[in-house]
Amino acid sequence: MNPDWKLQFWKSNHTEKIISSGDQDKDEGLDFSEFTKYLKDHEKKLRLTFKSLDKNNDGRIDFMEVKQSLADLGLDISKEEAEKILNSIDVDGTMTVDWNEWREHFLFNPATNLQEIIRYWKHSTVLDIGDSLAIPDEFTEEEKTTGLWWKQLSAGAMAGAVSRTGTAPLDRMKVFMQVHSSKSNKISLVGGFKQMLKEGGLTSLWRGNGINVLKIAPETAIKFMAYERYKKMFASEPGKVRTHERFMAGSLAGATAQTAIYPMEVLKTRLCLRKTGQYSGMFDCAKKIMKKEGVKAFYKGYIPNIIGIIPYAGIDLAVYESLKNLWLSRYAKDTANPGILVLLGCGTVSSSCGQLASYPLALIRTRMQAQASLEGSEQLPMNLMVKKILEKEGFFGLYRGIVPNFMKVIPAVSISYVVYEYMRSGLGIQK
């Protein structure tokens, strides 16, 4: 056989990954020896995955074994969904999958294990919308032992930083309207931007963004470590985390991270609302707050913020699971891979629903954080502030600033996803 023979593939996502996995001399093609080595290595991985699925060691996988294996990895599916997944692999119509069927189906598919298949559907915090209240990211045991987890977190943090910077003007407008807009002082989107530009120029639209980006890394790290601890605490069986246990662990992890970094949240609000020349930077802002208001000021609005985690994370997760199951039941015929547009759509809708439910608490939190810096403002506790807003502005007074908040969701999700994929590629994380 000619040693210069190259196996050229059509450029698809799968073939590109196969080439990158087997291409040892980095010439963007596979020669015969590279190709056969890839097949042997890939087949070994497939055999291990098959054995892990075959719980009763009878040489065949049935729908209950698929359902149980997915449950072990934290993904609860119905009997019908398990049968649908099995049916997409089953060739002979027996509703079980033997080794040959498994091998034939996945041999030229770079997804070597269930974790990779499930990752299609994992509701990830990579989609950063500036409100880090969602369930934290999860990593497989392999990712933890090989150190890939920190690369994933780094890629996510960078994606969040770029996304928040890109949507910072809308975020500042949201805070501005939450605090200053009322029935007697109606602030429109255009009017608000004109007001901010007149007062501080173009760069004033990014006030508060520095600390908003700075808090991503500590919050992500604390949330991830706390989540791992809480998962072990709540898991009914070792290594198995069900949806409601995942929600409880995620909510507590979010609360732990928010408690640790909350003073940075207060600083972000104050810096967003500052007038030109009021503070020279975040350290000057912290120093002046401490001197004038004391340590307690750094935890103003803490209670509504913590309470807000429950409806946000709960509704976000519930809506995402519902949309995912709807897609699987209607459209998953030949494959369980939904495609990126479906994933981004599910993530955007579920996050928006979570925000809609928790927004009044976010508004109360922001007003409590800001009230000490506003001249003549009453220092009201949460319950009295809610009562005052309802009396003076009605129910919709609790949703001031929600328009710019929703306007930033789609660009934030899009930017964070694109940057995340570029970062994964740059850090050598295989797709």
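Just so we're clear, the structure is a prediction, and the values are computed from it rather than from any experiment. (Residues numbered from 1 in each chain as written. Predicted model: local features only at pLDDT ≥ 70, side-chain atom pairs only at ≥ 80, totals over all residues. Heavy atoms only, no water.)

## With respect to the overall build of the protein chain
Here's step 1: Summing up its helical and strand segments, the protein chain has 19 helices and two strands in all.
Here's step 2: Going through the 431 residues of the protein chain one by one, you find that 48% of them count as buried.
Here's step 3: By element, 61% of the accessible surface of the protein chain is carried by carbon and sulfur atoms, the whole surface being about 21700 Å². (Helix = DSSP H or I, 4+ residues; strand = E, 2+ residues; numbered from the N terminus. Buried < 20%, exposed > 50% of the residue type's maximum accessible area, 1.4 Å probe, protein only. Areas by Shrake-Rupley, 256 points an atom, 1.4 Å probe, with all protein chains shown as cover.)

## Description of the pattern of salt bridges
Here's step 1: Under the definition given, this model contains 12 salt bridges.
Here's step 2: Asp171 is the salt-bridge partner of Lys408, the closest N and O atoms lying 2.9 Å from each other. In this pair, Lys408 is assigned in the loop between helix 18 (402–407) and helix 19 (409–426) and Asp171 in helix 9 (residues 168–180), connecting sequence segments 237 residues apart.
Here's step 3: Exposure remark for Lys408: the relative accessible area of 2% places this residue in the buried category. (Salt bridge = Lys/Arg side-chain N within 4 Å of Asp/Glu carboxyl O.)

## Structural notes on helix 17 (residues 382–393)
Here's step 1: Over its 12 residues, helix 17 runs 16 Å from end to end, which matches the ideal 16 Å to within 8%, given 1.5 Å per residue.
Here's step 2: Among the residues making up helix 17, those that are buried are Met385, Ile389 and Glu393. The buried residues of helix 17 occupy an angular sector of 35 degrees when projected down its axis, which confines them to one face. Along helix 17, the residues that are exposed and aim more than 90 degrees away from the buried face are Asn383 and Glu391. (Expected span 1.5 Å × (residues − 1). Arc of directions from axis to C-beta.)

## Considering the confidence of the model for the protein chain
Here's step 1: For the protein chain, per-residue confidence averages 79 on the pLDDT scale, and residues scoring 70 or more make up 75% of the total.
Here's step 2: Across residues 1–19 the pLDDT falls below 50, and counting only partners more than four positions away or on other chains, this stretch makes 32 contacts in the model. (pLDDT = per-residue confidence, 0-100. Contact = heavy atoms within 4.5 Å.)

## Focus on a nonpolar patch on the surface
Here's step 1: On the surface, Leu197, Leu202 and Trp206 cluster together into a nonpolar patch covering about 290 Å² of accessible area.
Here's step 2: Within the secondary structure, Leu202 is located in the loop between helix 10 (189–200) and helix 11 (209–214). (Patch = residues over 30% accessible without salt bridge, like charges linked within 9 Å, V, L, I, M, F, W, Y side chains within 5 Å.)

## Brief notes about the side chain of Gln369
Here's step 1: The topology assignment puts Gln369 in helix 16 (residues 340–370).
Here's step 2: Not counting residues up to four positions away in its chain, the partners in contact with Gln369 are Tyr262, Glu265, Val266, Thr269, Arg270 and Lys300.

## Some points on the packing of aromatic side chains
Here's step 1: Applying the stated rule across the entire model yields six aromatic pairs.
Here's step 2: Each residue in the set Tyr359, Phe395, Phe396 and Tyr399 is aromatic and connected to the rest through ring pairs, giving one cluster. (Phe/Tyr/Trp six-rings, centres within 6.5 Å; stacked < 30°, edge-to-face > 60°.)

## Section: unusual backbone geometry
Here's step 1: The backbone phi angle of Met95 is positive, close to 60 degrees, even though this residue is not glycine.
Here's step 2: Residue placement: Met95 occurs in the loop between helix 4 (79–87) and strand 2 (97–98).
Here's step 3: The class of Met95 is partly exposed, set by a relative accessible area of 30%.

## Overview of the environment of Ala249
Here's step 1: Within the fold, Ala249 resides in helix 13 (residues 243–273).
Here's step 2: For the pair Ala249 and Tyr230, spaced 19 residues apart in sequence, the C-alpha to C-alpha distance is 4.9 Å.

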